[in-house]
Amino acid sequence: MTELTLTLIKLGFLAVLWLFVLSAVSVVRSDIFGARVESAPKPAKQPKQSKARPAKQPRGRKPGRGLPRRLEIAEGPNAGESVPLTDEPIILGRGTDAAIRLDDDYVSTRHARFATNGEQWFVEDLGSTNGTYLGSQRITTPIPLPADTPVRLGKTVVELRK
Amino acid sequence: MSLRTPQATSRTPQFVPRKRRGAELILLAVALVICIGAYCAVGIGVEGRVPAFVYKLAAGLVGAALVTHLIVRWVAPYADPVLLPTVITLNGLGLAMIYRIDLANLENDGPDADTLATQQLIWTALGIALFVVVIIVVRDHRKLQAMTYTFGLAAIALLLLPLVPGLGKDINGARIWIGLGPFSFQPGEFAKICLALFFAGYLVVKRDALALAGRRILGIDLPRGRDLGPILLAWLFSLGVLVFETDLGSSLLFFGLFVVLLYVATERPGWLVVGSLLFGAGAYVGYLAFSHVRFRVDGWLHPFADPDANYQIIQAMYGMANGGLLGSGLGQGSPDITPFSYSDFIIASMGEELGLAGLMAILLMYGLIVERGLRVALVCRDGFGKLLATGLAVSITLQVFVVVGGVTRLIPLTGLTTPFLSYGGSSILANWVIIALLLRISDQSRRPAPAVVELEQDDATQVVKIR
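Residues numbered from 1 in each chain as written. Chains lettered and ligands numbered in written order. Predicted model: local features only at pLDDT ≥ 70, side-chain atom pairs only at ≥ 80, totals over all residues. Heavy atoms only, no water.

A. Local environment of helix α8 (residues 248–266) of chain B. For α8 of chain B, spanning 19 residues, the distance from its first C-alpha to its last is 27 Å, which sits close to the expected 27 Å at 1.5 Å a residue. Where α8 of chain B terminates, the next one or two residues include Glu267 of chain B, which has phi positive at roughly 60°. (Helix = DSSP H or I, 4+ residues; strand = E, 2+ residues; numbered from the N terminus. Expected span 1.5 Å × (residues − 1).)

B. Structural detail: a nonpolar patch on the surface. Among the surface-exposed residues, Leu11 of chain A together with Leu325, Leu326, Leu356 and Met360 of chain B lie close enough to one another that they form a single nonpolar patch of about 430 Å² accessible area. Looking at where Leu11 of chain A falls in the secondary structure, it is placed in helix α1 (residues 3–33). Among the residues examined, Leu11 of chain A registers a relative accessible area of 36% and is labelled partly exposed. (Patch = residues over 30% accessible without salt bridge, like charges linked within 9 Å, V, L, I, M, F, W, Y side chains within 5 Å. Areas by Shrake-Rupley, 256 points an atom, 1.4 Å probe, with all protein chains shown as cover. Salt bridge = Lys/Arg side-chain N within 4 Å of Asp/Glu carboxyl O. Buried < 20%, exposed > 50% of the residue type's maximum accessible area, 1.4 Å probe, protein only.)

C. Local environment of the pairing of strand β11 (residues 156–161) of chain A. All names here are of chain A. Among the six residues in β11, six count as buried, and that is most of the element. Neither face of β11 is exposed, since Thr156, Val158 and Leu160 on one face and Val157, Glu159 and Arg161 on the opposite face are all buried. Across five bridges, the pairing between strand β1 (residues 70–75) and β11 is antiparallel. In the strand pairing of β11, Glu72 is matched with Glu159. Of the pairings in the sheet, the one linking strand β10 (residues 151–153) to β11 comprises three bridges and is antiparallel in character. Bridge pairing links Arg152 to Val157 in β11. Counting the residues that bridge the hairpin from β10 to β11 gives two residues, and of these Gly154 lies at a positive phi of roughly 60°. (Pairing = 2+ DSSP bridges.)

D. Representation of the sheet that holds strand β5 (residues 112–116) of chain A. Residue and element names in this part refer to chain A. In space, the five strands of this open sheet follow the order β4-β3-β5-β6-β9, with mixed pairing throughout. Strands at the two margins of the open sheet, each flanked by one partner only, are β4 (100–101) and β9 (143–145). Bridge analysis of strand β3 (residues 90–93) against β4 gives two bridges, and the strand direction is parallel. Residue pairing across strands places Gly93 opposite Arg101, the latter belonging to β4.

E. Structural context of the confidence of the model for chain B. For chain B, mean pLDDT is 83; residues scoring 70 or higher make up 86% of the total. For the stretch residues 1–14 of chain B, pLDDT sits under 50, and the model shows 36 contacts to residues farther than four places along the chain or on other chains. (pLDDT = per-residue confidence, 0-100. Contact = heavy atoms within 4.5 Å.)

F. Spotlight on the packing of helix α4 (residues 117–137) of chain B against helix α14 (residues 425–446) of chain B. Residues and elements named next belong to chain B. Where α4 meets α14, the closest approach of the two axes is 8 Å, and the angle between their N-to-C directions is 30°. Here α4 is positioned roughly parallel relative to α14, judged by the angle of their axes. With respect to the hand of their crossing, α4 and α14 are arranged in right-handed fashion. On α14, the residues touching Gln120, Trp123, Thr124, Leu126, Gly127, Ile128, Leu130, Phe131, Val134 and Ile135 of α4 are Gly425, Ile428, Leu429, Trp432, Val433, Ile435, Ala436, Leu437, Leu439 and Arg440. Of the residues that constitute the contact of α4 with α14, the class distribution is 15 nonpolar, four polar and one charged. (Axes fitted to C-alpha atoms, helices over the stretch in contact; angles between N-to-C directions. Parallel < 35°, antiparallel > 145°, perpendicular 65-115°, else oblique. Left-handed = near helix turned anticlockwise from the far one by under 90°. Nonpolar A, V, L, I, M, F, W, Y, C, P; charged D, E, K, R; others polar.)

What follows is the structure in structure tokens.
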């Protein structure tokens, strides 16, 4: 083996090593920025929903049509209270950062979170002691939540209303 | 990283989950070129010809890579595409370097010299098998949270094993090995995973109590005195490891892991302050009380004051200096002069033969692994997964920092293995398990949100009136 061949092998190997690092970085990069948009939601062009409930628009960003507009306490110590839904996630519980501070001993400080992706709302249990129930099902993962479906936290039942 | 207001991926509507398995396959192909190329370059550099067994080896490596890829495609289709190829590259580089040092030993000592490459190949195969088992068996990382305290106990048991008389072995001054028949095993490597699982499960439950109470001094939220219990316990525990097993590296790793996880879980920098103070105090007391700590610190500050005692680190420095910017080329340096150039000092061997350019590429690969781990933690939807991914990534970070820092004389030298590169069965097995867990969590967190399911119309649970 001549000196030249060995040097070429050495440099070639380093080049492949860096090629790997750079292509891994480019995969990471496309992972951050390059997610393809398959169908950009255009809420303006969606067919109009029934005008049966001309609910008042809350402050903040206007949610898409067909989405629930309020979260209402249906049963429990705070029954009747409600909070308008925007794009921001909402936390329910007894703590200070809750959207409605529930006065319910069976509810944890940070009990459940309601969040939207712009198309539908999800409910997620935040590791509460007594759990969050949809029907008889204790939820363990974020679950899509249609309007007018009761969700139970402790002794409190909440629903999303249009 | 915010745990208290988890960022829902569902809030960015344009995000379309992608599997990226094709990208993984391409990266794997490059990784295999590096692994097999490294073997060939070693053979050409040392003996002037490509080693004869390279076809068998290439078949084995390609087979192993394909099996892992297909398994990931099957059980974790949304897993991160960068982790697996990076790990295979590092593992292959380590194998080639160990083979290279074997060749040098054969040249120096004749045919009965110690050869380790075959053993390391077997360990790698076992590691990949364990990876496959873990990723198939653990279908949902959240199930592991149920066994929080089991993992805690297992970690303590594993760490205490080397102290059991008859079972523990004292090798090179550190009592961190157990002998099982002909095999030596380092239980600390697995204790690391168990501790990450335990800390994640413990802190996700206790973080509110640790985060909310406390007072503010000099703009830093300091925790309450009575909440210091767990951190003091972890500190005493790692001091115990230091004292009774004389293992500096593991002690630093465990304490660092706990402090960082405490900080991430509570978002309070006060813990870092407390942790650093405790660490400083422990390190100073260790320096005063234990001769082996003092020896390491002296070797770090003044290696040339006693060249015979610090032979290893001096040889490593000369080796890296000899390598320079582009290295001597695989098979053309003399990394075998440094004692333990195949395990603790493999970074110095890499630095000599691949140069600064190659060493930086290797460090960047570790950086990529850690970045992907922290990314998994950011995207993950549940607190336990976040903390676990952070813990695993931080354990790799600390380990690489401690080893590379020690070898390059940035910090005092401590004995830890370089993940995936070093010779060592327990280390290879444990690190493949870490990667399996990270891939599992990343699969869970990158998966698209579940589709709307019609709820069954069953009776809602009733609230039982007590009062």
